[in-house]
Amino acid sequence: MSVSEIEEWYAEYADRMHRFEWVDRLFIGRYRQAQFGDVDGRLFDVACGIGTNFRYLPDPVELVGIDISPDMLVNAEKRLAKLGMDGTLREMNAQNLEFPDNSFDTVISALSTCTFPDPIAALREMERVCKPDGTIRLVEHGRSDVGAIARFQEWRADAHYAKSGCRWTQEPSEVVKAAGLSVRKTTTGLFGTITTFEMTPDRGVER
Ligand SMILES: C[S@@+](CC[C@H](N)C(=O)[O-])C[C@H]1O[C@@H](n2cnc3c(N)ncnc32)[C@H](O)[C@@H]1O
């Protein structure tokens, strides 16, 4: 799917995601909490969607969020207001960020590389805008390491992609490796479908 097709799809999906956020909280909340609960400095949430990460962030935090979908951002604004948090949200393409190099102390993103048409470009943009002594933290999903679940994902991969623009058999570790980011810590959970990464920018390293 192209960036504009993804934007259209999320326009329809935004309200449904908001209604079913409790499911995310149940299954993925603990990974978001562990990855994002102690971030500090100027924080950038890439593809923030409806703002699902916000409740897990420390308070106060200097937050900037972007997403390609204005409809997702409407829900994210409501989330900020509900949580009584400050933040700046902008419509922007993660593959071509409108921020200068070294703009943020911490860059976070959740469940996003599976939908970026070019996830490697997006990861390199995250690295570019992260300060050299900052960190990039991800919570990503992909192919399970449990055979039966992985086989189901394979079987439904094309249908799932056509329905949602999400490559749910993608291996997040392979995408991170291909982008050339330096992984400091990684964990997996939820039958291998969730992978977390803590990474450092590695500019200047030849790829
Ligand atoms: C599965 S949702 C995840 C949203 C949020 N990060 C979360 O954890 O709930 C994927 C998000 O990526 C956004 N997205 C997809 N492609 C994008 C792009 N090229 N630039 C910015 N956002 C994008 C979609 O609009 C959507 O909000």
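Residues numbered from 1 in each chain as written. Predicted model: local features only at pLDDT ≥ 70, side-chain atom pairs only at ≥ 80, totals over all residues. Heavy atoms only, no water.

Draft legend 1. Just the sheet that holds strand 5 (residues 130-141), in detail. A sheet is described by the order of its strands in space; here seven strands give the open sequence 3-2-1-4-5-7-6, paired in mixed fashion. The open sheet is flanked by strand 3 (88-91) and strand 6 (182-189), the only strands paired with a single partner. Across the sheet, the mean angle separating the axes of adjacent strands is 15° when strand polarity is ignored. Direction of pairing for strand 4 (residues 104-110) relative to strand 5: parallel, over a ladder of six bridges. Across the sheet, Ala110 pairs through a bridge with Val139, a residue of strand 5. Strand contacts of helix 5 (residues 119-129): strand 1 (42-46), strand 4 and strand 5, with the helix running at about 145° to strand 5, the strand carrying the most contacts. Along the sheet face, helix 7 (residues 172-179) touches strand 5, strand 6 and strand 7 (194-200) and points at about 20° away from the line of strand 7. (Pairing = 2+ DSSP bridges. Helix = DSSP H or I, 4+ residues; strand = E, 2+ residues; numbered from the N terminus. Axes fitted to C-alpha atoms, helices over the stretch in contact; angles between N-to-C directions. Contact = heavy atoms within 4.5 Å.)

Draft legend 2. Broad picture of the pairing of strand 3. Relative to strand 3, strand 2 (residues 62-67) is paired through four bridges, and the arrangement is parallel. Counterpart to Asp67 in the pairing with strand 3 is Glu91.

Draft legend 3. Structural detail: the packing of helix 1 (residues 3-19) against helix 4 (residues 70-83). For the pair helix 1 and helix 4, interaxial distance at closest approach is 7 Å and the crossing angle is 30°. Looking at the two axes, helix 1 sits roughly parallel to helix 4. Between helix 1 and helix 4, the contacting residues are Glu7, Tyr10, Ala11, Ala14, Asp15, Met17 and His18 on the first element and Pro70, Asp71, Met72, Asn75 and Arg79 on the second. Its residues assigned to classes, the contact of helix 1 with helix 4 shows six nonpolar, two polar and four charged. (Parallel < 35°, antiparallel > 145°, perpendicular 65-115°, else oblique. Nonpolar A, V, L, I, M, F, W, Y, C, P; charged D, E, K, R; others polar.)

Draft legend 4. A look at the pattern of salt bridges. All told, the structure shown has 11 salt bridges when counted by the stated rule. Of the charged contacts in the structure, one is a salt bridge between Arg128 and Asp101, with a shortest N-O distance of 2.8 Å. You can see Arg128 sitting in helix 5 and its partner Asp101 sitting in the loop between strand 3 and strand 4, a full 27 residues away along the chain. With a relative accessible area of 45%, Asp101 lands in the partly exposed category. Here the residues in one salt-bridge network are Asp101, Glu125 and Arg128, joined through shared partners. (Salt bridge = Lys/Arg side-chain N within 4 Å of Asp/Glu carboxyl O. Buried < 20%, exposed > 50% of the residue type's maximum accessible area, 1.4 Å probe, protein only.)

Draft legend 5. A look at the pairing of strand 7. Burial analysis of strand 7 places six of its seven residues in the buried class, which makes it a mostly covered element. Here six bridges tie strand 5 to strand 7, and the two strands are oriented antiparallel to one another. Counterpart to Arg137 in the pairing with strand 7 is Glu198. Looking at chain direction, strand 6 and strand 7 are connected through seven bridges and run antiparallel. Across the sheet, Thr188 pairs through a bridge with Thr195, a residue of strand 7. From the end of strand 6 to the start of strand 7, which pair antiparallel, there are four residues, and Leu190 there has a positive phi angle of about 50°.

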